[in-house]
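Summary of structural features
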Amino acid sequence: MNGDTTTQPETEQAEVQDSEEPESQQVIPDEYSGWLAMRTNIPRRWKRRWVHLKECQLQYGNSENEHLSKHIDVTGAQVAESNIDKKKNAFRMKPQDKKRPYYFNAETEDSKKQWMQAICYAAVVKDGSHSQACLIQ
């Protein structure tokens, strides 16, 4: 996590299925886990958190071995790249039912894209349909 500045993101329509692979070959996991830095609300600093996305719930805690009691409903969430605090791999998630956005920073660009896609996918498939599109800004 370094202080490189990122450019403003462009808005793009991202299909849940990758257009380069046939739908039958696209595998999007039902669960996704890993380490992310998460920006605290007060005071505004970054803390490393174990994050687990299952269905439409994003759970997080201090360790992958602890019970993850904190959770965020990602149904209808908006996901966008961010350059908050000049973090290179930061992204923002604004849940539909919350006023404040949540900020995350991944270790790599690829990890950031994977997390954004997984959250976006989870945000639109609560009804069980895998044919919807999600918007990554």
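Relevant structure appears above.
Residues numbered from 1 in each chain as written. Predicted model: local features only at pLDDT ≥ 70, side-chain atom pairs only at ≥ 80, totals over all residues. Heavy atoms only, no water.

Along any regular strand, the residues point their side chains to alternate faces of the sheet. Where strand β2 (residues 31–39) meets strand β3 (residues 46–54), nine bridges bridge the pair, whose relative direction is antiparallel. Directly across from Arg-39, in β3, lies its bridge partner Trp-46. Where β2 folds back onto β3 in an antiparallel hairpin, the turn is made up of six residues. In this sheet, strand β8 (residues 102–105) lies alongside β2 in antiparallel orientation, the contact comprising two bridges. Following the sheet pairing, Ala-37 is matched in β8 by Asn-105. (Pairing = 2+ DSSP bridges. Helix = DSSP H or I, 4+ residues; strand = E, 2+ residues; numbered from the N terminus.)

Tallied over the full model, the rule gives three aromatic pairs. Judged by centre distance (5.3 Å) and plane angle (75°), the rings of Trp-35 and Trp-50 are edge-to-face. Taken together, the positions of Trp-35 in strand β2 and Trp-50 in strand β3 put the pair 15 residues apart, joining distant regions of the chain. Since its relative accessible area comes to 13%, Trp-50 is described here as buried. Ring geometry for Phe-91 versus Phe-104: centroids 5.3 Å apart, planes at 25°, classification stacked. On the criterion of sequence distance, the pair formed by Phe-91 in strand β7 (residues 90–94) and Phe-104 in strand β8 is long-range, its members being 13 residues apart. The buried category is assigned to Phe-91, whose relative accessible area is 0%. (Phe/Tyr/Trp six-rings, centres within 6.5 Å; stacked < 30°, edge-to-face > 60°. Buried < 20%, exposed > 50% of the residue type's maximum accessible area, 1.4 Å probe, protein only.)

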